[in-house]
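Geometric and topological summary
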Amino acid sequence: MTARHKPNRKRSLARGGLAAAVALTAASGALPFLLSDAHAEPAPLTVPAPDRFKPVANPVYGAGPGGVVERTEVKDQSALGYYRWTPDGGTPVDLPASSPYDDVNTIDGASHVSVTSGDVVAIYDFPNRVQLKDMKSGTTTKYTLPDGHFYRGVFGSAVLTATRDANGNKNVLHVLRMADGQLTDTPVTGLNGWVAEDDMTLGGDDRTVALWYAHPDGSRGVGLLDLATAEVTPVFPGATGTNAQVVFADAYVAWYSPEGGNTTARVVPRATPEAADTKIELGSGGEGTPQIGLVGDWLLTTRQIEQAPGDFLAREGAPLTALPIAGGEPKTLLAHAGRRMAQVPGGGVAVTGGASARDWAVRRVFIGDDGAPALRTVREVAPKEGKLTRLSLTAGHLVTAESDTTYLPALFQRDIALGAAPSAGERSLLARPDAQTTGETAQRVYDSRQPVGTGDGRTVVATTDADGAQILVVLAADGTKTVVPAVDPQTGEKMPTGSDHYSTVRSASGRYVVFGDSGRGLEDRQYVVDLDASGGPKVIRVRQGQSGLAAWGTKLWMPGDTEGTLQAVDLKTGVATETEPITDNGCLPQEMQAVGPWVYWDCDPAGSTSSDHGVYNTQTQQWSWAPRGTLGDGYVVAYEYGRGQLNLTPIGDAPRTIEAFTFQYNGPLVEADRFGGAIAYAKEKNARITVVDSGVATSPVAEIESRAEQSVNLASATDAVWDADWQLSKPVTGAQVTIRNKAGRTVFTGSAKEYAAAVAFSWDGRTGDGRYVTDGTYTWELTGTPADGSGAALKVTGTVELGRTKTAAG
């Protein structure tokens, strides 16, 4: 009896990935890729775009009892639409105000919009025009500021302005009102030796305005301007700081500035502002600058988060929290909120927020019957589509690289089924950096990197580590990650780095993966990795120079030693075979692809000529022309830029158009399923994916690589089980293994585990009734039905020797 494997050996990564994938598929309810009627014009499948992780920017600038003033993101967070009034339960109305490029509603800028009282919207246009639009009655009152007056805000029916003093400072205040068609001007009094500072307005409502003041003795603070009397009363003495906020409610006035790391807000009764203030701790643990609001006897707080340079972590927004002014436990009202809150004249606060981008809405905070803050939804804010940067379809396993559908660029996966009732399984996360990850390289490790399926449930991605070194990331379906460095196994030399060396996966088939440079430069390197090598995945071959490499099964295809030929190297035995000269003019292929019996070669991948590329049939040993594109099983799919058409060309036949786009694209994302007959594509700037059957009959299902143990020691204390793994050319259903003795009698039949185009089976040497078989040689037979219904059934046979040899452990 031949020697068996060493005890306690680790199961192969493929088997581990297969088991995890089977469990994942069962849990999600998804089925492996099926083409039950693959070539009877099956309907295409549209996979909808996922939602963007970051909620739509929808800042609120003011609110009345019946509506809010808001702006909504147009393209991204740096481009907001025009100001608009959105009545509760009604249709938004655009406001005649200019639209800056960011979320700045500055008084001294080109526009400023606020809600003054009731549902009256105040619109200021630089330098001297003011409109008061009553959104209920539809009436408009227009002001033109007198010469020399500078706008400081509209509060109720009053316009606050400033003029210059004898020293040229803009700190002489005026309250303007319209009476009987005439503009009245009331100077502000009560300064008593101190002056209002330039850019002094901190906030206000229809009764009071908060102002910075400065005294000749050097002290500073906040003064409250009573609009009815045009008199100022100092309050919050000593309160200073940049980015200060003052908010008003019926019962309270609150102040906060983050200057100097301050985390304490100050609140005074509105009726007696000279009374001692109540200090409320906002907390120092949250990210961003606190923003405050008032509702009832509660101080509201959220945070304005500024993205630091080099930080690509997407945030949903800080929580909206209510803090009882009299003390007590805080209450979280929203998991996430936008950066702006707007006090509602007469009571309440308007804010945009929710649990996530899908729950985003403009909401009102009010006091419920129990005296605590409550929420009411005014208008839902629909999420934006996420961005798709790459996609991969392998044996019906769809993997997408998405840049903004979670807090950092990530990979997602789902299973696809075509046929009479096309469907997409549940989308799940495959790989994503931790939220605590820092540094651009680590945060964006999966951004715009091409994932490639191996056909056995695994996915591989070529990227860089934190030091910039090229690596291959190997992902099982359950997200288990293994990293393979690009290192020459003979010399230990690493792949060169820099802009001239951008590694990507060039080919993948089961346990063998090719990744590295493009193969177009003399210093380029391409690495061949064995994912199931003893001791774990590792590089087993390196090729330097101008050449393409492609793997299928156990064969590695590359340019031959003789000019114009191709060479196939058996990666298990090392035996090499060479074709007859087939390339145009003996050119050197710099790109190669392999699928089933087909080998695609291209001597000028970046070129635009119709020559120097073609397809070789390894079974007929003939080559034919094919367009420059992506190789599938019996066809090439290519995008024709001049016509905006995605075309499919069956090898040896005329092309047909899959889709003609209505306007010019830089090119869609396109992938052909090498282990099946489907094509997946997504138009540029569109995350929706279309999956269609190629309409070309796939090759008969075949075993292209296997690891079936030759012998089993049934007396082993550590591993008395026969294990076998088969990599197939496409998926099968109903896979089962039959064990027969020398007389041809069946002793055991069991179902094999299927996922993607891989099959795995284990047997403990017992018959169906639980008894061990006798020692001897047994024949096994693997059978299965092609999942796409194309071609003959799978049938693979072999032998295994079973015996009982006592070991030291046993």
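Residues numbered from 1 in each chain as written. Predicted model: local features only at pLDDT ≥ 70, side-chain atom pairs only at ≥ 80, totals over all residues. Heavy atoms only, no water.

1. Details of the overall build of the protein
In terms of helices and strands, the protein carries 2 helices and 66 strands. Since a compact globule built from 810 residues should have a radius of gyration of about 28 Å, the 35 Å found for the protein marks it as more spread out than a globular shape. If you line up the protein on its principal axes, its C-alpha atoms span 110 × 65 × 55 Å. Classification of the 810 residues of the protein by burial places 54% in the buried group. When contacts within the protein are restricted to residue pairs at least 6 apart in sequence, long-range pairs at least 24 apart make up 47% of them. Taken as a whole, the protein presents about 34500 Å² of accessible surface, with 49% of it coming from carbon and sulfur. (Helix = DSSP H or I, 4+ residues; strand = E, 2+ residues; numbered from the N terminus. Rg over C-alpha atoms; globule rule 2.2 N^0.38 Å. Buried < 20%, exposed > 50% of the residue type's maximum accessible area, 1.4 Å probe, protein only. Contact = heavy atoms within 4.5 Å. Areas by Shrake-Rupley, 256 points an atom, 1.4 Å probe, with all protein chains shown as cover.)

2. Considerations on the environment of Gly181
Positionally, Gly181 belongs in the loop between strand S12 (170–179) and strand S13 (182–187). The exposure class assigned to Gly181 is exposed, which follows from its relative accessible area of 58%. For the pair Gly181 and Val74, spaced 107 residues apart in sequence, the C-alpha to C-alpha distance is 39 Å.

3. Here we look at the state of the cysteines
Taken as a whole and judged by the stated rule, the model has 1 disulfide. With its sulfur 2.0 Å from that of its partner, Cys587 forms a disulfide with Cys603. The S-S bond linking Cys587 to Cys603 shows a torsion near 70 degrees; that makes this disulfide right-handed. Of this pair, Cys587 sits in the loop between strand S46 (576–578) and strand S47 (591–595) while Cys603 is found in the loop between strand S48 (598–602) and strand S49 (613–617), placing the two residues 16 residues apart along the sequence. Take Cys587: its relative accessible area is 17%, and that puts it in the buried class. (Disulfide = S-S within 2.5 Å.)

4. Notes on unusual backbone geometry
Going from Phe126 to Pro127, the amide bond is cis rather than trans, its omega being 10 degrees. Of note, Pro127 is situated in the loop between strand S7 (120–125) and strand S8 (129–134). Within the chain, Asp612 stands out as a residue other than glycine whose phi angle is a positive 65 degrees. Structurally, Asp612 can be placed in the loop between S48 and S49.

5. Some details on the confidence of the model for the protein
Per-residue confidence for the protein averages 88 on the pLDDT scale, and 91% of its residues sit at or above 70. Note that pLDDT drops below 50 for residues 1–40; the model gives that stretch 109 contacts with residues more than four away or on any other chain. (pLDDT = per-residue confidence, 0-100.)

6. So, the sheet that holds strand S11 (residues 158–164)
An order of S10-S11-S12-S13 is seen for the 4 strands of this open sheet, with the pairing classed as antiparallel. Edge positions in the sheet fall to strand S10 (150–155) and S13, since each of these pairs with one other strand and no more. Averaged over neighbouring strand pairs, the angle between their axes works out to 30 degrees when direction is ignored. In the sheet, S10 pairs with S11 via 5 bridges, with the strands oriented antiparallel. Residue pairing in the sheet places Gly153 in a bridge with Leu160 of S11. (Pairing = 2+ DSSP bridges. Axes fitted to C-alpha atoms, helices over the stretch in contact; angles between N-to-C directions.)

7. A word on the pairing of strand S23 (residues 298–304)
With 7 of 7 residues buried, S23 lies mostly within the body of the structure. What you see with S23 is no split at all: Trp298, Leu300, Thr302 and Gln304 on one side and Leu299, Thr301 and Arg303 on the other are buried throughout. Hairpin connection, strand S22 (residues 289–295) to S23: the antiparallel pair is bridged by 2 residues, and Gly296 has positive phi, about 60 degrees. Pairing between S23 and strand S24 (residues 320–324): 4 bridges, direction antiparallel. What sits directly across from Trp298, in S24, is Pro324.

8. Brief notes about the packing of aromatic side chains
Applying the stated criterion across every chain, the model contains 16 aromatic pairs. Relative to Tyr641, the ring of Tyr639 has its centre 4.8 Å away and its plane inclined at 85 degrees; by these criteria the two rings are edge-to-face. Considering the side-chain rings of Phe748 and Phe761, the 6.5 Å spacing of their centres and the 50 degrees angle between planes classify their relative orientation as tilted. Taken together, the residues Phe748 in strand S62 (residues 746–751) and Phe761 in strand S64 (residues 758–763) connect sequence positions 13 residues apart. (Phe/Tyr/Trp six-rings, centres within 6.5 Å; stacked < 30°, edge-to-face > 60°.)

9. Notes on the side chain of Thr201
Looking at where Thr201 falls in the secondary structure, it is placed in strand S14 (residues 195–204). Assessed through its relative accessible area of 17%, Thr201 is described here as buried. Polar side-chain contacts of Thr201 include one of 3.2 Å to the backbone oxygen of Arg152. Those residues within four positions of Thr201 in sequence are excluded, and the remaining contacts are Ile107, Arg152, Phe155, Leu160, Val209, Ala210 and Leu211. (Polar contact = N/O pair within 3.5 Å; in protein donor to acceptor, adjacent residues only side chain to side chain.)

10. Points about the sheet that holds strand S28 (residues 361–367)
With antiparallel pairing, 4 strands are arranged side by side in an open sheet as S26-S27-S28-S29. Single-partner strands in this sheet number two, and they are strand S26 (336–343) and strand S29 (373–380). On average, each strand axis in the sheet is inclined to that of its neighbour by 30 degrees, with strand direction left out of account.

11. Some words on the nonpolar core
In globular proteins that are soluble, nonpolar side chains generally tend to be buried together. Formed by 28 residues in total, the largest nonpolar core has its most connected members in Val222 and Leu225. Going through the elements one at a time, S11, S12, S14, strand S15 (208–214), strand S16 (220–226), strand S17 (231–237), strand S18 (245–248) and strand S19 (252–256) are the ones with two or more residues in this core. With 4 residues, S15 is the single largest residue contributor to this core. Formed by 27 residues, the second largest nonpolar core is a distinct cluster that contains Trp552, Trp557, Trp598 and Trp601. (Core = buried A, V, L, I, M, F, W, Y, C linked by side-chain atoms within 4.5 Å.)

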